[in-house]
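Structural characterization, general
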Amino acid sequence: MSKIILTGDRPTGRLHVGHYVGSLRRRVELQNSGEYDKIYIMIADAQALTDNFDNPEKVRQNIIEVALDYMSCGLDPAKSNLFIQSQISELTELTFYYMNLVTVSRLQHNPTVKNEIQLRNFEASIPVGFFTYPISQASDITAFKATTVPVGEDQLPMIEQAREIVRKFNTIYAPVLVEPEALIPDSEACKRLPGTDGKAKMSKSLGNCIYLSDSADEVQEKIKNMFTDPQHLRVSDPGHLEGNTVFTYLDAFCKDEHFERYLPEYANLDELKAHYTRGGLGDMKVKRFLTNVMQETLEPIRNRRKELEKDIPAVFDVLKAGTEAARETAAQTLSEVKSAMKINYFEDQELIRQQAEKYQA
Ligand code: TRP
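Residues numbered from 1 in each chain as written. Predicted model: local features only at pLDDT ≥ 70, side-chain atom pairs only at ≥ 80, totals over all residues. Heavy atoms only, no water.

**Remarks on the overall build of the chain**
The condition is simple: Each helix corresponds to a stretch of at least 4 residues labelled H or I by DSSP, and each strand to a stretch of at least 2 residues labelled E; elements are numbered beginning at the N terminus. Only protein chains enter the accessibility calculation, which uses a 1.4 Å probe; a residue is then buried when its area is under 20% of its type maximum, exposed when over 50%, and partly exposed in between. Any two residues having at least one pair of non-hydrogen atoms within 4.5 Å are treated as being in contact. To be clear on the numbers: accessible area is Shrake-Rupley with a 1.4 Å probe, and residue cover counts the displayed protein chains and nothing else. In this count, Lys and Arg are taken as positive residues and Asp and Glu as negative ones, while His and the chain termini are left out. Where a charge lies is defined by one atom per residue type: Lys uses NZ, Arg uses CZ, Asp uses CG and Glu uses CD.
Helix and strand content of the chain: 17 helices and five strands. Here the C-alpha coordinates of the chain stretch approximately 100 × 45 × 40 Å along the principal axes. Looking at the 361 residues of the chain, the share that counts as buried comes to 50%. Long-range contacts, defined as pairs at least 24 residues apart, comprise 76% of the intrachain contacts of the chain with a sequence gap of at least 6. As displayed, the chain offers around 17900 Å² of accessible surface, 51% of which is attributable to carbon and sulfur atoms. Separation of charge centres in the chain, based on 43 positive and 53 negative side chains, amounts to 2 Å.

**Some remarks on the pattern of salt bridges**
Rule in force here: Salt bridge criterion: a side-chain nitrogen from Lys or Arg within 4 Å of a carboxyl oxygen from Asp or Glu.
Within the structure shown, the criterion is met by 31 salt bridges. Two residues, E336 and K145, come together in a salt bridge whose shortest N-O distance is 2.4 Å. Residue E336 is located in helix α16 (residues 312–340), and its partner K145 is located in the loop between α8 (133–143) and β4 (148–150); the two are separated by 191 residues in the primary sequence. Of the residues examined, E336 reaches a relative accessible area of 23% and is grouped as partly exposed. For K145, a relative accessible area of 21% corresponds to the partly exposed category. Across the pair R192 and E188 runs a salt bridge, and its minimum N-O distance is 3.5 Å. Residues participating in the shared-partner salt-bridge network are E65, D69, R305, K306 and E309.

**Overview of the packing of aromatic side chains**
Heads up, the condition is: Stacked, edge-to-face and tilted labels apply to pairs of Phe, Tyr and Trp rings (six-membered ring for Trp) whose centres lie within 6.5 Å, assigned for plane angles under 30 degrees, over 60, and everything in between, in that order. Should the NZ of a Lys or the CZ of an Arg lie within 6 Å of a ring centre and within 35 degrees of the ring normal, that charge is described as sitting over the ring.
As enumerated under the stated definition, the model contains 12 aromatic pairs in all. Considering the side-chain rings of F96 and Y97, the 6.1 Å spacing of their centres and the 70° angle between planes classify their relative orientation as edge-to-face. F96 sits in the exposed class, given a relative accessible area of 56%. A connected cluster of aromatic rings, assembled from ring pairs, spans Y20, Y249 and F253. For R10, the ring lying beneath its charged end belongs to Y133, and the centroid distance is 4.7 Å. The positively charged end of R25 is found above the aromatic ring belonging to F253, 6.0 Å away from the centroid.

Take a look at the structure:
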C-alpha cells in the first residue's frame, strides 16, 4: 500500500516555533526521507472560517503567511503538494455524506471540540459549521487516502474521529477509504511548547510567541525576557527545571553539537541541567545559549523567507498548481465514494437496465 501524508494548518496567523517543533520540522524530515509516495500539505482556510466566519479578511491575509512559512521551513513544492482547502469543493461534498455517519453526541464528546468551544465562549451558541469541523477534517484526510497525519498532540481526537468514519463507511458501503494514523512528536517539550511567558497556550493576543518570521533582534529580545524559575534569584541559588521555559525550549531545540559550538564547558543538556539545579549557573548564560541555538535554527528559515517574499505571485502560482493536482485526487476519491454509496446513477448501467426491465415487463 502506498504511504501518503496529509496535514495542514489553519491560516489565522503567522506560524510560530510551537508549530515548528510540534509538526513542521517533522514534515520536512518526512518529505526528505523519500519514504512517502505522496505528501499533501493543506492550508485549512475553510476550517479557519468555522470560527472566523465574521472575519474572512483575517483568513485571506494569512494564506500567504502560512505558505511562506511552509516553504521557508523547507517544504518543497517539488516534493510536497501545497494546496488551499476551500478551492476543492469535493472536500465539502464528502463532508456532507460523512455527516450521516456521525452522531451529535459523538461530536459533543470530541475532546478537541469541547476544549475549543470553551476557549471561544461558544457554550451558549455553537455554530453548526464549527461543531462539525471534525467531519470536514475527516474529509481532508480521507480524500487523499492519507495513511499518515503528522500533527500536534491536540489533534489526536480528530484523527480518531476520522478513523471511526472510515471504519463505518467501509463497513456500510464498500472498503474505499483508508484509516489514517496520527504521527505526533515524541518529546514532551515538542508536544506542548509553552509561550515565552511560561503560559501553556501560545497565542498572538498574549504576545508570547516566537514567530518563524521574527527578526534576529526580536528573537533575542523575546528570549531575554523569557520566563525561567522565579525562585532562582541569585546565580548561586539552586534552580528548578520544572516549568522553566528556557529549559523546555532547550529540550525542544538543542542538540549535543550545539554545546561544542556555543557552550563547550558542557557536553550536553543533562550536564547543563545538573549545574543549574545544583546552583551556580545564571539564567542569562542559559538564555544566551538558547539564543544561539534558536538563531542557528531560525536563520536559514528567515533567509529563505526573504527570498520567497521577493516573488509573491510565484508563491500563489505554487498554491494554484498544488490545488489543481490535489483536486484531481480528491475528485477520484469522491467518485469512488459515490460509487460505493451507489449514488452514481448516470454511470450505473445496471440500475438503468434494471429500471428499464421493471417497466418493460
Ligand atoms: N485542525 C488542524 C489545526 O487546527 C488543521 C487541519 C485541518 C488539519 N484539516 C486537517 C490537520 C487535516 C491535519 C489533517 O491545526
